[in-house]
Amino acid sequence: MAAVERILILGAGFGGLELASGLSETLGGDVDVTLIDKSDSFVFGYSKLDVMFGRTTLDAVELPYREIAKPGVRFAQETVTAIDPAARRVTTDAGNHDADILVVALGADYDFDATPGLAEFGNEFYSVEGAERLAAILPGFARGHAIVGVCGAPFKCPPAPSEAALLLHEDLTARGVRDACEISIVIPFGTPVPPSPDTSAALVEAFAERGIEFVSGRRVASVEPGRAVLDDGSQLPFDLFLGVPKHRAPDVVLASGMAEDGYVPVDSKTLQTAFPGVYAIGDVASIGVPKAGVFAEGAARIVADSVVATVRGGDQPRPYDGRGSCYIEFGAGRVGRVDVDFLSGPKPTGTFREPSAALVAEKHEFGSSRGARWFGR
Ligand SMILES: Cc1cc2nc3c(=O)[nH]c(=O)nc-3n(C[C@H](O)[C@H](O)[C@H](O)COP(=O)(O)OP(=O)(O)OC[C@H]3O[C@@H](n4cnc5c(N)ncnc54)[C@H](O)[C@@H]3O)c2cc1C
């Protein structure tokens, strides 16, 4: 490969931010890193739950990209409109970018049309806008049946629907209306967190203790006024529907010819795509790990090491191991943790850490350390 001078990162989410930070830390101004995102700020996925349940406001959890001040890194607020992976040329609403190394970290988008009626008759809490809308709706819900329903797999952060159901229970209890309400959760898997039987057992027990109905192995196929239709044709009446929309790679990625079966295939050890000098990390890639920020971040670290080895010479990095820890809100001020390992052994494994107040502090530290590393806060 010719000298590497221009590195283009598409998407300033978990993966893109970690990669830009890692490259700046090691290479400083030796290379030009351009980080592109259509938004003006980053929001942690879990902050959407906090916004939805009125625990914070959107303003308080937005991390503005204008605060990024890293040697060698330029942030550009632009929308990517075309990607030519063979030429490593990207078109945005502001012009063209050519790259020596291109990293696609555009995440997963939501496919609302895949679930008829979801947009008209339901609500979703996976986008910032959806979480904000629900923050206005939830205080008025005091009677009837609420469903937390997943419309398709894979979906981001597999524990998040379970967290939503447990936090809804906490919210209704605090408002003194829990006895007038029912809560059901519909998940397409047999258990809430399939790689970790201990975590799943703890969540199923928490549902039972709180009188939350757990409907496993089913997805919501469509939403009609006042009822959800599941993929086996059965129906669940509701007064409030909290949905997880079906996910898919962003349209610009699908149109680029990089995707197969909806996402970008990569070498699971190196995150390289089929196109020389082009990587894909995070939710947009398919490598057999869940769609979660910690995995996007882990993949970004491997790509950062690989780019540094290419620029400076030296050994290629250790292979990506698919390890990560996710925090799980159980409500009532308690947070659990699941440590998962997807790629280093013959099959995925997960270890559960019991909910505790100590893990609340650890989760807070997780967020604030990223804020400091990525945004200098
Ligand atoms: C409710 C909820 C709770 C969650 N909780 C957790 C958790 O506790 N722990 C955890 O690890 N993960 C959690 N997640 C998942 C986590 O948010 C995602 O998996 C993670 O953000 C993926 O990182 P990424 O870099 O692949 O993509 P993203 O962080 O989604 O970043 C992609 C970026 O690309 C940009 N983009 C997309 N298209 C374009 C375009 N055409 N032009 C320009 N920019 C574009 C977007 O604006 C976005 O900033 C949660 C998610 C949700 C919804």
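Residues numbered from 1 in each chain as written. Predicted model: local features only at pLDDT ≥ 70, side-chain atom pairs only at ≥ 80, totals over all residues.

1. Focus: the overall build of the protein
Next up, step 1: A count of helical and extended segments in the protein gives 10 helices and 25 strands.
Next up, step 2: The C-alpha atoms of the protein give a radius of gyration of 21 Å, which matches the 21 Å a tight globule of 377 residues would have.
Next up, step 3: Dimensions of the protein along its principal axes, counting C-alpha atoms only, are 65 × 40 × 40 Å.
Next up, step 4: Of all 377 residues assigned to the protein, the portion counted as buried reaches 46%.
Next up, step 5: Nonlocal contacts in the protein, meaning residues at least 24 apart in sequence, comprise 67% of its contacts between residues at least 6 apart. (Helix = DSSP H or I, 4+ residues; strand = E, 2+ residues; numbered from the N terminus. Rg over C-alpha atoms; globule rule 2.2 N^0.38 Å. Buried ≥ 20, exposed ≤ 12 C-beta atoms within 10 Å, placed from the backbone. Contact = placed C-beta atoms within 7 Å.)

2. Describing the site of the ligand
Next up, step 1: The immediate surroundings of the ligand are formed by 35 residues, with G11, G13, G45, G107 and G282 found nearest.
Next up, step 2: Put simply, the parts of the chain that give the shell around the ligand at least two residues each are helix 1 (14-27), strand 2 (32-37), helix 2 (47-52), helix 9 (293-312) and strand 23 (323-331).
Next up, step 3: For the shell around the ligand, the two domains that each supply at least three residues are domain 1 (6-108 + 249-312) and domain 2 (115-246). (Near = placed C-beta within 6 Å. Domains from an automatic or database assignment.)

3. Observations concerning the sheet that holds strand 9 (residues 101-104)
Next up, step 1: Reading across the sheet, the five strands line up as 5-2-1-9-21 and stay open at both edges, with parallel pairing between neighbours. The sheet terminates laterally at strand 5 (73-77) and strand 21 (278-280), the two strands that pair on one side only. Pairwise comparison of adjacent strand axes, ignoring direction, gives a mean angle of 20° for this sheet.
Next up, step 2: Note that strand 1 (residues 6-10) and strand 9 share four bridges and pair parallel. Opposite I9, over in strand 9, you have V103 as the bridge partner.
Next up, step 3: Its contacts with the sheet put helix 1 on strand 1, strand 2, strand 5 and strand 9, and the angle it makes with strand 2 is roughly 165°. (Pairing = 2+ DSSP bridges. Axes fitted to C-alpha atoms, helices over the stretch in contact; angles between N-to-C directions.)

4. A word on the sheet that holds strand 8 (residues 95-98)
By way of backbone hydrogen bonds, the strands of a sheet pair with one another, either parallel or antiparallel.
Next up, step 1: With antiparallel pairing, the three strands of this open sheet are ordered in space as 6-7-8. If you trace the sheet from one side to the other, it starts and ends with strand 6 (80-84) and strand 8, each paired once. The sheet shows a mean angle of 20° between the axes of neighbouring strands, direction not considered.
Next up, step 2: Note: strand 7 (residues 89-92) against strand 8, four bridges, orientation antiparallel.

5. A closer look at unusual backbone geometry
Next up, step 1: A cis amide bond, omega 0°, links A153 with the succeeding residue P154.
Next up, step 2: Along the chain, P154 falls in the loop between strand 12 (144-150) and helix 6 (160-174).
Next up, step 3: Even without a glycine there, the phi angle at C157 is positive, about 50°.
Next up, step 4: Within the secondary structure layout, C157 lies in the loop between strand 12 and helix 6.

6. What to know about the nonpolar core
Next up, step 1: Residues I9, V103, V104, V264, I281, V284 and V303 are the most contacted members of the largest nonpolar core, which totals 118 residues.
Next up, step 2: Element by element, the count of residues in this core is highest for helix 9, at 10 residues.
Next up, step 3: When residues are assigned to domains, this core turns out to be shared by domain 1 (6-108 + 249-312) and domain 2 (115-246), each giving three or more.
Next up, step 4: Not counting residues within four places of it along the chain, the set of residues in contact with I9 comprises G16, L19, A20, V33, L35, I36, V103 and A105. (Core = buried A, V, L, I, M, F, W, Y, C linked by C-beta atoms within 7 Å.)

7. Quick look at the pairing of strand 15 (residues 220-224)
Two faces make up the sheet, and in a regular strand the side chains alternate between them.
Next up, step 1: Across four bridges, strand 15 lies against strand 16 (residues 227-230) in antiparallel orientation. From the neighbouring strand, V223 faces strand 16, where its bridge partner is A228.
Next up, step 2: Where strand 15 hands over to strand 16, the hairpin turn is made up of two residues, of which G226 adopts a positive phi near 75°.

8. Focus: helix 1
Next up, step 1: Its 14 residues place the ends of helix 1 20 Å apart at the C-alpha level, agreeing with the 20 Å of an ideal helix rising 1.5 Å per residue.
Next up, step 2: For helix 1, a buried count of 12 out of 14 residues is recorded, marking the element as mostly surrounded by other parts of the structure.
Next up, step 3: Residues of helix 1 that are buried include every one of F14, G15, G16, L17, E18, L19, A20, S21, G22, L23, S24 and L27, and no others.
Next up, step 4: Downstream of helix 1 by one or two residues, G28 has phi in the positive range, about 50°. (Expected span 1.5 Å × (residues − 1).)

9. A word on the domain arrangement of the protein
Next up, step 1: When its domains are assigned, the protein resolves into domain 1 (6-108 + 249-312) and domain 2 (115-246).
Next up, step 2: Just the C-alpha atoms count here: the centres of domain 1 and domain 2 sit 30 Å apart.
Next up, step 3: Contacts between the two partners involve 14 residues from domain 1, matched on the other side by 17 residues from domain 2.
Next up, step 4: Partitioned by chemical class, the residues of the side of domain 1 that touches domain 2 number nine nonpolar, two polar and three charged. (Nonpolar A, V, L, I, M, F, W, Y, C, P; charged D, E, K, R; others polar.)

10. Digging into the environment of N96
Next up, step 1: Along the polypeptide, N96 turns up in strand 8.
Next up, step 2: Here N96 falls in the exposed class, since 10 other C-beta atoms lie within 10 Å of it.
Next up, step 3: If near-sequence neighbours (up to four positions away) are discounted, N96 is found in contact with R89 and T91.

11. Description of helix 7 (residues 197-209)
Next up, step 1: The end-to-end C-alpha separation of helix 7 is 18 Å, in line with the 18 Å expected for 13 residues at 1.5 Å each.
Next up, step 2: Of the positions making up helix 7, those classed as buried are T199, S200, A202, L203, A206 and F207. Each buried residue of helix 7 lies within a common arc of 160° when the element is viewed along its axis, so the set occupies one face. Those residues of helix 7 that are exposed and aimed more than 90 degrees away from the buried face are E205, A208 and E209.
Next up, step 3: Considering only its buried residues, helix 7 is in contact with helix 6, strand 13 (181-187), strand 14 (212-216), strand 23, strand 24 (334-341) and strand 25 (349-356).
Next up, step 4: Looking one or two residues beyond helix 7, the residue adopting positive phi is G211, at roughly 70°. (Arc of directions from axis to C-beta.)

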